[in-house]
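Notes for the structure review
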Amino acid sequence: MRPEHPPEFPLAVHDLTVAYHRKPVLWDVELNIPEGTLAGIVGPNGAGKSTLLKACLDLIPKTSGEALIYGKPYEEQRDLIAYVPQRESVDWDFPVSALDVVAMGTYRKLGWFKRIGRTQKNQAREALEKVGIDHLADRQISQLSGGQQQRVFLARALVQDAQIYFMDEPFAAVDAATEQAIIKLLQTLNAQGKTILCVHHDLATVSRYFDHLVLLNMRVVASGPTSETFTRENLHKTYGGKLNLLDDVAHTLKNIGR
Amino acid sequence: MTLELLRETLFLEKHNTRLVVLGVAFLGATAGLIGSFLLLRKQSLLGDALSHATLPGIGIAFAVMSWMGLSGRSLPGLLIGATITGLLGVILVLAIRRSTRLKDDAAMGIVLSVFFGLGIAILKMVEKIPGQSAAGLDSFIYGKTASMVWSDFFLIAGTLAVTTVITVLILKELTLLCFDSNFASTEGWSTLGLDIILMALVTAVTVVGLQAVGLILIIAFLITPPTAARFWTNRLGYMLVLSTVIGAISGWIGASISALYSNLPAGAIIVITAALIFLLSMIFGTARGVLPRYLRHRKLQKKVGRQHILRSTYEILENTQDSPPLKNLPIPMELLRKHRYWAKGELPKLIRQARAEDHVERQPTGELRLSESGFGEASRITRNHRLWELYLIKHADIAPSHVDRDADMVEHLLGAEIVHQLEAALELAKSTIESPHLIESR
């Protein structure tokens, strides 16, 4: 029987399997992300968290299954989506400024051949202001710190003015101030009714940051409101045999008093 | 005599070399422009595979045209042949990359050498076709500028003009592709399509450049100008312009010299010219050149050193006097030596530097005393340093995104209001604790 994936869900994944060179990385993923949630995807290294995002965005081929954005395939719904890739996925030595990168978020609406003008530059500047680094607009991107680079990516996503935000480890290797700035921004977006899906690796902050949680380890272990999903049993199932990690989990659970 | 000839050639006064020099300069400009994107897309080697894969096409085209009873050496025909096998080579690389787990460099190395070997063999075979002279076909390997006629020139110039116009039209799209192809693809741009366009542009330049530069060295013509340009700027726009200019100059000079000495292969001279420009750029390039970087580092070191010695002296004065106002008294070297960690030989060097700047003077007793200007500077540096420290302590939440700044710029960066607040806090703190450094040194 086909599980229910009604079109009101910003993201509905049905029977998704992804394999690299015949080795499955994700299999039989069934997932519904409710509208207006700030959702975290959590799981051990190699659990396929980034792969899940990329498969939903058609960046890597799906071996089987589908991912629907408000009931329709991704290529019909691009306008609704903003994507923040992992910071290491690009060459930060590239000869462009922070503002140039942020302005790339306007390219889709501009279309072929048209150059960015004052409107786009202003949009980009506003977005940089929202992430608190408008004073760095003209810096070459290699001269930015890791946290600042992450903020540039975030600003580019803001310029896209989307309904759903796909974020791949936005908190990875950033300073504490940037982490606070990012989460504040995500909460603001969330309060405007936007849906945010965020790959995350730090168990200690899960229950503070996210109201919806997907526990992933090559398959979906559990998915639902964080208050119901973030349990000792589910974490055991997700992190299973990884003993050293298990200690971390136990420690985390103790800290959050569960 | 020779100089006069060179001048005439460079300034296009000589009728028989004018076409060649203009054509190759134009080729260099276009190669510099497109090469920038090839470099930024990190596909330089693919360009190399492409150019080597053109050789069999040249031989085959020669054979086919001879067989059809045409002149085997018609340039358009040869270039069409070159394009076909060149593209075949690229497609083969991409196919190997997709369907096997071989790495890029292995795939390209195999395709490059196999096609080149095949090309050499085919050239040797077509030499034996009766009634046709295949002599000169090997100029496609090393390049030969002398053999350009008007129709060739129009073919080359036309192709280059179209290529340039297309590149300029899709600058934005190519930039996005090169910087973040995944993002481009989620935004609905066909990255495969853009990559194909980029490779088509590279192919066009490579193929029309074959005759002048030769297939072995054309890759240098594509890659050297943008690499050199990158040393001068961090802006893509400037880099593209500069790379175009460097390409044009290399082509201009290279073609002129090789036209004068007909036994010098054009490709080699052009590449050597470009390499010289590259070398100069690597050393002197204002954005990332070796020398400016070294000088900037030295300047920073000197500045930090000056701040260290002046602040240390000032802090010692504060430590050794009980009541304000602070008097500028001579201090024993011993105290300064112990005040903070100095690398071996650092302190004498810094003192020499400070004396040269008239910040300190040596007393006959061997003690060190701040000059009047040095005293003012020391007090300013110490105050700014403490303001920064205080700022970092008080505003730890927002500070990290601001701390990559110079301590000297405290007022400029934080604004008068915050500085006033900090100063007030500093006054308050003075009566109780002074500076974290002072506590340590007591």
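Residues numbered from 1 in each chain as written. Chains lettered and ligands numbered in written order. Predicted model: local features only at pLDDT ≥ 70, side-chain atom pairs only at ≥ 80, totals over all residues.

Here we look at the overall build of chain B
Of regular secondary structure, chain B possesses 20 helices and 2 strands. Its C-alpha radius of gyration of 33 Å places chain B more than 25% over the 22 Å reference for a compact globule of 442 residues. Principal axes of the C-alpha set define a box for chain B whose edges measure 105 × 60 × 35 Å. Among the 442 residues that make up chain B, the fraction classed as buried is 41%. (Helix = DSSP H or I, 4+ residues; strand = E, 2+ residues; numbered from the N terminus. Rg over C-alpha atoms; globule rule 2.2 N^0.38 Å. Buried ≥ 20, exposed ≤ 12 C-beta atoms within 10 Å, placed from the backbone.)

Looking at the overall build of chain A
The helix and strand tally for chain A stands at 10 helices and 10 strands. Over its C-alpha atoms chain A spans a radius of gyration of 19 Å, differing by no more than 12% from the 18 Å that the globule rule assigns to 258 residues. In terms of its C-alpha atoms, chain A occupies a principal-axis envelope of roughly 55 × 40 × 35 Å. Residues classed as buried in chain A amount to 44% of the 258 residues present. The contacts of chain A with a sequence gap of at least 6 include a subset with a gap of at least 24, amounting to 69%. (Contact = placed C-beta atoms within 7 Å.)

Points about the domain arrangement of chain B
By domain assignment, chain B separates into domain 1 (2-287) and domain 2 (292-441). On a C-alpha basis, the centres of domain 1 of chain B and domain 2 of chain B stand 57 Å from each other. (Domains from an automatic or database assignment.)

Let's talk about the sheet that holds strand β9 (residues 212-216) of chain A
Residues and elements named next belong to chain A. Pairing is mixed in the open sheet, where 6 strands are placed in the order β6-β7-β8-β3-β9-β10. Two strands bound the open sheet, and with one partner strand each, they are β6 (81-84) and β10 (220-225). Across the sheet, the axes of successive neighbouring strands diverge by a mean angle of 15°, strand direction being ignored. Alignment of strand β7 (residues 164-168) against strand β8 (residues 195-200), held across 5 bridges, turns out to be parallel. Note that in β8 the partner of Y165 across the bridge is I196. (Pairing = 2+ DSSP bridges. Axes fitted to C-alpha atoms, helices over the stretch in contact; angles between N-to-C directions.)

A few points about the packing of helix α12 (residues 218-230) of chain B against helix α14 (residues 266-284) of chain B
Residue and element names in this part refer to chain B. Remark: α12 packs on α14, axes separated minimally by 9 Å, with the N-to-C direction vectors making an angle of 20°. Taken together, α12 and α14 sit at an angle that is classed as roughly parallel. Two packed elements cross with a definite hand, and for α12 against α14 that hand is left-handed. Contacts between α12 and α14 pair A220, F221, T224, P225, T227 and A228 from the former with I270, V271, A274, A275, I277, F278 and S281 from the latter. In the contact of α12 with α14, the residues fall into 10 nonpolar, 3 polar and no charged. (Parallel < 35°, antiparallel > 145°, perpendicular 65-115°, else oblique. Left-handed = near helix turned anticlockwise from the far one by under 90°. Nonpolar A, V, L, I, M, F, W, Y, C, P; charged D, E, K, R; others polar.)

A look at the confidence of the model for chain A
Across chain A, pLDDT averages 88, with 91% of residues at or above 70. Averaged over each element, pLDDT in chain A is lowest for helix α10 (residues 243-256) of chain A (56) and highest for helix α2 (residues 98-103) of chain A (96). (pLDDT = per-residue confidence, 0-100.)

Description of the pairing of β7(A)
All names here are of chain A. Taken across its 5 residues, β7 has 5 buried, putting it largely inside the fold. A two-sided burial pattern is seen for β7, the buried positions comprising I164, F166 and D168 on one face and Y165 and M167 on the other. Pairing analysis gives 4 bridges linking β6 to β7, with the strands arranged parallel. Residue V84 lies in a different strand from β7, and its bridge partner there is M167. Assessed by its sense of winding, the connection that carries the chain from β7 through helix α6 (residues 176-191) to β8 is right-handed. (Right-handed = clockwise from strand over helix to strand, strands pointing away.)

Points about the interface of chain B and chain A
Between chain B and chain A, the residue contacts involve 26 residues of the former and 25 residues of the latter. If you list the elements that add at least two residues to the side of chain B that touches chain A, you get α9 (171-179), α10 (181-186) and α13 (236-260) of chain B. Here the residues of the side of chain B that touches chain A are counted per class, giving 10 nonpolar, 7 polar and 9 charged.

Points about helix α4 (residues 118-130) of chain A
Residue and element names in this part refer to chain A. Taking 1.5 Å of rise per residue, the 13 residues of α4 would be expected to cover 18 Å, and the 18 Å separating its terminal C-alpha atoms lies within 8% of that figure. Listed as buried for α4 are Q120, Q123, A124, A127 and L128. One side of α4 holds all its buried residues, which, seen down the axis, span an arc of 135°. Facing away from the buried side of α4, by more than 90 degrees, are the exposed residues R118, T119 and N122. Next to the buried residues of α4 lie α2 and α5 (146-159). Once α4 finishes, G132 follows within two positions and takes phi at roughly 80°, a positive value. (Expected span 1.5 Å × (residues − 1). Arc of directions from axis to C-beta.)

A few points about the nonpolar core
Judged by nonpolar contacts, the single largest core of 170 residues is most densely connected at A98(A), V102(A), Y165(A), F166(A), L197(A), F221(B) and L222(B). Sorting elements by how many residues they give to this core places helix α2 (residues 15-40) of chain B first, with 15 residues. When neighbours within four sequence positions are excluded, F221(B) is seen to be in contact with G28(B), A31(B), G209(B), V213(B), G247(B), I270(B), V271(B) and A274(B). The next biggest cluster of nonpolar side chains, apart from the first, holds 13 residues, and it includes I309(B), L317(B), I331(B) and A354(B). (Core = buried A, V, L, I, M, F, W, Y, C linked by C-beta atoms within 7 Å.)

Side note on helix α15 (residues 290-320) of chain B
Between its terminal C-alpha atoms α15(B) stretches 45 Å, which fits the 45 Å expected from 31 residues at 1.5 Å a residue. For α15(B), the complete set of buried residues consists of I309(B), L310(B), R311(B), S312(B), T313(B), Y314(B), E315(B) and L317(B).

Here we look at the confidence of the model for chain B
Residues and elements named next belong to chain B. Taken as a whole, chain B shows an average pLDDT of 85; of its residues, 90% reach a score of 70 or greater. Across chain B, the secondary-structure element scoring lowest on mean pLDDT is helix α20 (residues 436-441), at 43, and the one scoring highest is α9, at 96. Across residues 432-442, where pLDDT falls below 50, the model places 11 contacts with residues more than four positions away in sequence or in other chains. Two summary scores accompany this predicted model of the complex, namely pTM at 0.84 and ipTM at 0.90.

Comments concerning the pairing of strand β3 (residues 38-42) of chain A
All names here are of chain A. For β3, a buried count of 5 out of 5 residues is recorded, marking the element as mostly surrounded by other parts of the structure. Taking every second residue as pointing to the same face, both faces of β3 are buried, with L38, G40 and V42 on one and A39 and I41 on the other. Taken together, the 5 bridges between β3 and β8 define a ladder with parallel strand orientation. Looking at the pairing, I41 lines up with V199 of β8.

Quick notes on the sheet that holds strand β1 (residues 11-20) of chain A
All names here are of chain A. Spatially, 4 strands are ordered β2-β1-β4-β5 in an open sheet, and the strand pairing comes out antiparallel. Bordering the open sheet on either side are β2 (23-33) and β5 (72-73), each of which pairs with just one other strand. Two strands pair when backbone bridges link them, and strand β4 (residues 64-69) and β5 are joined in this way by 2 bridges, in the antiparallel orientation. From the neighbouring strand, I69 faces β5, where its bridge partner is K72.

Observations concerning unusual backbone geometry
Residues and elements named next belong to chain A. Its identity as a non-glycine residue notwithstanding, D28 has a phi of 45°, on the positive side. Following the sequence through the fold, D28 ends up in strand β2. Phi is positive for D161, close to 50°, though the residue is something other than glycine. Within the element layout of this structure, D161 appears in the loop between α5 and β7.

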